[in-house]
Amino acid sequence: MDRMFRVLGFWTGIFAVMFYLGDMKTTSLLFFGQTGFFVFLSYLKLSERMYIYVFGAYLTIFFVGFTYWTTFMMVPGQGGH
């Protein structure tokens, strides 16, 4: 299970670099933070149950943040098309 967190760290690192190259600095910092978080967790040698609990907490925080952002921060009709 610790290897899967390294894989998550790798992919969030790739996304962070791509966001940085696309001049999306704030998003790239968010993804660099996630990369550090995932790589740090991968070396803690936790039990598989604890890795599942941490990932569940991560998904819960993400979905709450995403729902808040899309509901209260996005302007309807500003899709650009």
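Structural data are supplied above this passage.
Here the structure is a predicted model, which is why all the values come from computation and not from measurement.

(A) Fine view of the packing of helix 1 (residues 2–21) against helix 2 (residues 25–42). Where helix 1 contacts helix 2, the axes come no closer than 8 Å and their chain directions differ by 165 degrees. On the basis of their axis angle, the class for helix 1 and helix 2 is roughly antiparallel. Along this stretch, helix 1 crosses helix 2, giving a crossing that reads as left-handed. Contacts from Asp2, Phe5, Arg6, Leu8, Gly9, Thr12, Gly13, Phe15, Ala16, Val17, Phe19 and Tyr20 in helix 1 reach Lys25, Thr27, Ser28, Phe31, Phe32, Gln34, Thr35, Phe38, Val39, Leu41 and Ser42 in helix 2. Broken down by class, the residue content of the contact of helix 1 with helix 2 amounts to 12 nonpolar, 8 polar and 3 charged.

(B) Quick look at the environment of Gly77. Along the chain, the position of Gly77 falls in the segment after helix 3 (48–73). Between the C-alpha atoms of Gly77 and Ser28, which are 49 residues apart in sequence, the distance is 25 Å.

(C) Structural detail: the side chain of Ser42. Mapped onto the elements of the fold, Ser42 is located in helix 2. Apart from the residues lying within four places of it in its own chain, the contact partners of Ser42 are Asp2, Phe5, Arg6 and Tyr51.

(D) Region of interest: the packing of helix 2 against helix 3. Here helix 2 crosses helix 3 at 165 degrees, and the two axes come no closer than 12 Å. Looking at the two axes, helix 2 sits roughly antiparallel to helix 3. The handedness of the crossing between helix 2 and helix 3 comes out as right-handed. Of the residues in helix 3, those touching helix 2 at Gln34, Phe37, Phe38, Leu41 and Ser42 are Tyr51, Val54 and Tyr58. For the contact of helix 2 with helix 3, the residue count by class is 6 nonpolar, 2 polar and no charged.

(E) Quick peek at the nonpolar core. In this structure, Phe5, Phe38, Leu41, Tyr51 and Val54 together form the largest nonpolar core, which totals 5 residues. Among the secondary structure elements, those contributing two or more residues to this core are helix 2 and helix 3. Contacts of Tyr51, omitting those with residues within four sequence positions, involve Met1, Asp2, Phe5, Leu41, Ser42, Leu44, Lys45 and Leu46.

(F) Molecular detail of the pattern of salt bridges. Taken as a whole, this structure holds 3 salt bridges when the rule is applied. Measuring nitrogen to oxygen at the nearest pair gives 3.6 Å for the salt bridge that ties Arg6 to Asp2. Taken as a pair, Arg6 and Asp2 lie in helix 1 at a separation of 4 residues, close to a single helical turn. Exposure remark for Asp2: the relative accessible area of 17% places this residue in the buried category. Several salt bridges converge on common partners, so that one network encompasses Asp2, Arg6 and Lys45.

Definitions and limits used
Each residue is numbered by its place in its chain's sequence as written, counting from 1. The model is predicted, so local features are restricted to residues of pLDDT at least 70 and side-chain atom pairs to those at 80 or more, both for listing and for counting; the totals for chains, interfaces and linings are taken over all residues. Working from all heavy atoms in the structure, the side-chain values ignore hydrogens and water. The axes are straight lines fitted to the C-alpha atoms, using for helices just the contacting stretch, and the angles between their N-to-C directions are given from 0 to 180°. In DSSP terms, a helix is any run of H or I states spanning at least four residues, a strand is any run of E spanning at least two, and both are numbered starting from the N terminus. Reported orientations rely on four angle classes, namely roughly parallel under 35 degrees, roughly antiparallel over 145, roughly perpendicular from 65 to 115, and oblique for the rest. Put simply, a crossing is left-handed when the front helix is turned counterclockwise from the back one by less than a right angle, and right-handed when it is turned clockwise. Contact between two residues is taken to exist if any of their heavy atoms lie within 4.5 Å; hydrogens are not considered. Under this grouping Gly is polar, as are all residues other than the nonpolar Ala, Val, Leu, Ile, Met, Phe, Trp, Tyr, Cys and Pro and the charged Asp, Glu, Lys and Arg. The term nonpolar core refers to a set of buried residues drawn from Ala, Val, Leu, Ile, Met, Phe, Trp, Tyr and Cys, joined through side-chain atoms within 4.5 Å. Relative accessible area decides the class of each residue, using a 1.4 Å probe on protein chains only: under 20% of the type maximum gives buried, over 50% gives exposed, and in between gives partly exposed. A pair is scored as a salt bridge if a Lys or Arg side-chain nitrogen falls within 4 Å of a carboxyl oxygen belonging to Asp or Glu.

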